[in-house]
Amino acid sequence: MTGAVRTAYASNQNIMAAASECRAQIGRANPDLVLAFVGGRHDPASALAALRGTFPDVTLAGGSAAGAIATAGLGYTGFELGLIAFHGAEVTPQVISTGALLEGEEAAGRSLGREVRDHTDDGAAVLLLFDSVASTSPLRLHPASQLMAGFQAGLNDRALHVIGGGLLTDINISDGWMFVDDDVRKHAMTALVFPAGITASTAILHGCRPVSSFMQITRIEGAEVLELNGEPALTVIERMLGLELGTTSGQELSLVATLGQKQGDPFAPYDENNYVNRLILHANPARGSITLFEPDFAVGTRVQIMSRDNVLMLESVERGVVELSRRTVADNCLFALYIDCAGRASVMSGAPTEEAELVLQTLAPIFPFMGFYSGVEIAPFAGDYSRPLDWTGVLSVFQRAP
Amino acid sequence: MQMQLADEERARLEREVAYYRREYDEIGARLLRLQEEQSRVAREARRSKTVAKLVREAYRLIGADVEPHAIGRLILATIADTAVCDCAVFLRVEPARPDHFMVEHTLGAVKSSSMLLSAPPDFLFTSTSHSAAPQSASMTGLLEVPYVLWAYDQSHGRALLLGNRVESNIHRAFEAGDRELVEVALGVYIDVLMRKVAEAALRQAKLVAEQANTVRAQFLATLSHEFRSPLEAVIGFSELLMNQGGQTPSAEQRAEYVHQILDSGRRLLALVKDILDFSRFETLVPLLQVNWVPLVQLLQNAVRGLAAEAAARRVSLEVIQPPERWQIAVDYERFRQILSNLIGNALKFTAPAGAIVVAARIMDDAAVEISVADNGVGIAPQDLDRVLEPFIQLANLNGRRVSGAGLGLPIAKQLVEAHGGTLRIASIVGNGTTVTVSLPTGTARLPAPES
């Protein structure tokens, strides 16, 4: 067996020092590819220069991250640096990128999907990373649902194991950027296509439960939900939260409540795996609307208001990780990747413990581990094709095929 | 009848469903509020931990080997890690301008390195629900964010400013209750900084004292050696003259002995003069008598004074001077002393058959550059700074012993600086040394023909 994957983590205000610390952890041998997750307080150009200087002649992928998670430590101060180094053609993914998200997410996704299709066979593992933030003022995200719809269309009938995450500079969704073609780029998306000998197993870790009966979206424009059951959507949410009506604006509803769409039988007993959640990006009191992270709901969609439940989140972590461990053979594991919604960090969720720490404790990996805090997560949903998710943790273990 | 019963049952079921739905929604709403309240309390608790963490960090920094200038960055990192803000800066009031705050340490980008703020308050915050104090404009302008939290310690002239771009779940609005947090953070910074500054000053004072001790020991060793040799010569030759050796010296010997005594006396006098010059240098500076002096005359007189010694050492001494009759504005005696010291020093370290070139150049802006270059033993790069320290002898540096108190170059340097100029040394071991004296713009002039 040849090829190896190594991970490294540092937290340092000096990006050069952070890169050097990581280099020391990875070792002297030059990897073929370095996948980097760079804390958003680091200047992207300086980060590129530091990594370029530390890993000369090595292909570089990745970009900003709201924080990094590793066995050596985790944080979201914006000064973290997490690296995954791939050594050898047997384990090194092929990097395919597009920088055209701004011209249309669906078209860019379709084009990337086609290219990925040409380089894969069924069952291949693919990691998708993209710049989450389309515009900072007003705040608009690159909708992962459109991007994934295009990507799946581009793949045509190719059945792949696709996981991914949207990259942010910080938990407040200030910005995002990526390394593409040895440069720092906005509005980019990268597919890391793993060699045929590598497979991935994934667990989706949840943490929301419904707190309302079913409601119908009666008016929606893109991601902006104007009415629920014929009432202004914001009024419905504010009434539930006991807030004075019309006082909410901006981002303060973000993560307080989400809208969930139950898949399958709507009257089946509660199962966290049956829900697709959409976070609230911001509220508009003038229009009585809430804007979701994704524009994939429509008039007639039956949704429930969901509440974050920190206890449920931690239970879901334990349950999901144990189940994933059961499906994988540690000896074959190359590395694990954890794509963790930034909202699950305790500073945001108010959870008494860091759920990412619980992931590490429960998984107790004897193989390299790296995670990052993301804006949106992508994973195979309910045994079907991959779709974007909110407020989830996506844990994937990459293994050598037996 | 059956239909009526079915309708009643249906209506009852519909009411029951509506009841359950209403209750479910109500319980759900309560659950949602409860969950949010729990999260809010947990986030608040996390913030309150900031104070405890800052205190712990303070103890760690006090015990750690950290320089004062690094304290601010480390405290800001702790604040960022626990309080989680978009940006933070420590500022310091410029002593001469009480409304001028200089940015000392930053976390995140700031628009400027300073901020103008008259009547700085002890505490200030901005939020959407609180009308902003007029001073907040400078602060929001500096950080380029709308929400700021400020604490100012007037007695130490230092301030801490935190900033957020938005008021959201993670960055809830600043409020009066944040005063403790921001003031403790500033207080911890000032306490640790002052302590580290005091420690650094103590270390520096100790270093200076140790250096002074070393210099004094060096001074005494050098002086005792430099005084002893000529004094021994004076005593020895005087005893010979007094016939204490039992033999009457011849006339020729007597002349030689007197010459030796005179030479030793002159060396002693020169030594005492150097020491006096160096020791009272500060009082000499204001007494400089700067006049327009012919450059050629100055150079030639300086060289002439050492020509005999150069000839005796078989070292050639050449002067390269500009063709025009330039005058330079210097204190003649003191500047001649500079040149004599530099040429004398070059002579000491240039072997027989070597060469010394004294060259003068006038720049376009009437600045003056005079260099004394030799092809002697040279100075190792690591010793270049040391040779300008008093009582350091070049001979010691190059493993060869020559006479002198090691004051020639330090005195020359101080005199050059007293003239507003600079002295720099370039040297290659084995190839020689060039000492260049640069005098500022306007030091030279060409006199009118009739003058």
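Everything numeric in this text was worked out from a predicted model, so none of it was measured. (Residues numbered from 1 in each chain as written. Chains lettered and ligands numbered in written order. Predicted model: local features only at pLDDT ≥ 70, side-chain atom pairs only at ≥ 80, totals over all residues. Heavy atoms only, no water.)

Caption draft 1: View of the packing of aromatic side chains. Residue and element names in this part refer to chain A. In total, this model carries 17 aromatic pairs over all chains according to the counting rule given. Taken together, a centroid distance of 6.1 Å and an interplanar angle of 35° make the contact between F194 and F335 tilted. Of this pair, F194 sits in the loop between β14 (189-193) and β15 (198-205) while F335 sits in strand β24 (residues 333-341), and the two are 141 residues apart along the sequence. The exposure classification of F194 matches that of F335, with both residues buried. In this structure an aromatic cluster arises from ring pairing among F86, F194, F335 and F398. One Lys or Arg, R302, reaches over the ring of F214 and ends 4.7 Å from the middle of that ring. Sitting over the face of the ring of W391, R344 holds its NZ or CZ atom 5.5 Å from the ring centroid. (Phe/Tyr/Trp six-rings, centres within 6.5 Å; stacked < 30°, edge-to-face > 60°. Helix = DSSP H or I, 4+ residues; strand = E, 2+ residues; numbered from the N terminus. Buried < 20%, exposed > 50% of the residue type's maximum accessible area, 1.4 Å probe, protein only. Lys NZ or Arg CZ within 6 Å of the ring centre and 35° of its normal.)

Caption draft 2: Fine view of the pairing of strand β3 (residues 59-65) of chain A. Residue and element names in this part refer to chain A. Here β3 lies mainly inside the structure; six of its seven residues are buried. By the bridge criterion, seven bridges tie strand β2 (residues 33-39) to β3 in an arrangement that is parallel. Within β3, the residue paired with V34 across the bridge is L60. Note on the crossover from β2 through helix α2 (residues 44-54) to β3: the handedness is right-handed. (Pairing = 2+ DSSP bridges. Right-handed = clockwise from strand over helix to strand, strands pointing away.)

Caption draft 3: Looking closely at the interface of chain A and chain B. Tallying the contact residues gives 37 residues for chain A and 30 residues for chain B. Between chain A and chain B the total buried area reaches about 2,700 Å² when both faces are included, carbon and sulfur atoms providing 53% of it. Between chain A and chain B we count one salt bridge in total. Scanning the region where chain A abuts chain B turns up nine residue pairs in polar contact (both at pLDDT 80 or more). With five residues, strand β23 (residues 302-308) of chain A is the single largest residue contributor to the side of chain A that touches chain B. Looking at the side of chain A that touches chain B, its residues break down into 14 nonpolar, 15 polar and eight charged. (Contact = heavy atoms within 4.5 Å. Buried area = accessible area lost by both parts, 1.4 Å probe. Salt bridge = Lys/Arg side-chain N within 4 Å of Asp/Glu carboxyl O. Polar contact = N/O pair within 3.5 Å; in protein donor to acceptor, adjacent residues only side chain to side chain. Nonpolar A, V, L, I, M, F, W, Y, C, P; charged D, E, K, R; others polar.)

Caption draft 4: Region of interest: the confidence of the model for chain A. On average, chain A scores 92 in pLDDT, and the residues at 70 or more come to 97%. Helix α7 (residues 346-349) of chain A is the least confidently modelled element of chain A, averaging 82 in pLDDT, while β14 of chain A averages 98, the highest of any element. (pLDDT = per-residue confidence, 0-100.)

Caption draft 5: Layout of the sheet that holds strand β9 (residues 327-331) of chain B. Residues and elements named next belong to chain B. Overall, antiparallel pairing links the three strands, which are arranged β7-β9-β14 in an open sheet. Bordering the open sheet on either side are β7 (290-294) and β14 (444-445), each of which pairs with just one other strand. The pairing of β9 with β14 spans two bridges and is classified as antiparallel. Bridged to Q327 within β14 is R445. Helix α8 (residues 332-348) rests against β7 and β9 of the sheet, and its axis sits at about 95° to β9. (Axes fitted to C-alpha atoms, helices over the stretch in contact; angles between N-to-C directions.)

Caption draft 6: How the structure looks around the packing of helix α6 (residues 310-327) of chain A against helix α8 (residues 355-363) of chain A. All names here are of chain A. Where α6 contacts α8, the axes come no closer than 9 Å and their chain directions differ by 30°. Put simply, α6 runs roughly parallel to α8. For the pair α6 and α8, the crossing hand works out as right-handed. On α8, the residues that touch M313, L314, V317, E318, V321, V322 and S325 of α6 are E355, L358, V359, T362 and L363. Residue composition of the contact of α6 with α8, by class: eight nonpolar, two polar and two charged. (Parallel < 35°, antiparallel > 145°, perpendicular 65-115°, else oblique. Left-handed = near helix turned anticlockwise from the far one by under 90°.)

Caption draft 7: Representation of helix α5 (residues 233-241) of chain A within the structure. Residues and elements named next belong to chain A. Most of α5 sits out of view: eight of its nine residues are buried. Looking only at α5, the buried set comprises A233, L234, T235, V236, I237, E238, M240 and L241. Of the residues one or two after α5, G242 is the one with positive phi, at around 75°.

Caption draft 8: Focus on the confidence of the model for chain B. All names here are of chain B. Confidence in the prediction of chain B, expressed as mean pLDDT, is 84, and 91% of residues score 70 or more. When mean pLDDT is taken per element in chain B, strand β11 (residues 368-374) scores highest with 95 and helix α9 (residues 394-397) scores lowest with 45. Note that residues 394-400 has pLDDT below 50 and, in this model, 19 contacts with residues that lie over four places away or in other chains. Model confidence for the complex is summarised by a pTM of 0.68, with the ipTM given as 0.76.

Caption draft 9: The sheet that holds strand β5 (residues 73-75) of chain A, seen in detail. All names here are of chain A. Spatially, six strands are ordered β5-β4-β25-β24-β28-β15 in an open sheet, and the strand pairing comes out mixed. Since the sheet does not close on itself, it has two edges, and those belong to β5 and β15, each with one partner. The sheet shows a mean angle of 20° between the axes of neighbouring strands, direction not considered. Note that strand β4 (residues 68-70) and strand β25 (residues 369-374) share two bridges and pair antiparallel. Within the sheet, the bridge partner assigned to I69 lies in β25 and is G371. Contacting β15 and β28 (393-400), α6 crosses the sheet at an angle of about 160° to β15.

Caption draft 10: Molecular detail of the nonpolar core. Residue and element names in this part refer to chain B. With 44 residues, the main nonpolar core has I328, F335, L342 and I370 as its most contacted residues. Summarising the domain contributions, this core has at least three residues from each of domain 2 (202-282) and domain 3 (286-445). The contacts of L342, once residues within four sequence positions are left out, are V372, L409, A412, L423, V435 and V437. (Core = buried A, V, L, I, M, F, W, Y, C linked by side-chain atoms within 4.5 Å. Domains from an automatic or database assignment.)

Caption draft 11: Main features of unusual backbone geometry. For H187 of chain A, which is not glycine, the phi torsion reads 55° and is therefore positive. Looking at the secondary structure, you find H187 of chain A in the loop between β13 (183-185) and β14. Positive phi, normally seen in glycine, also occurs at E144 of chain B, with a value near 60°. Here E144 of chain B shows up in the loop between α3 (136-143) and β5 (147-153).

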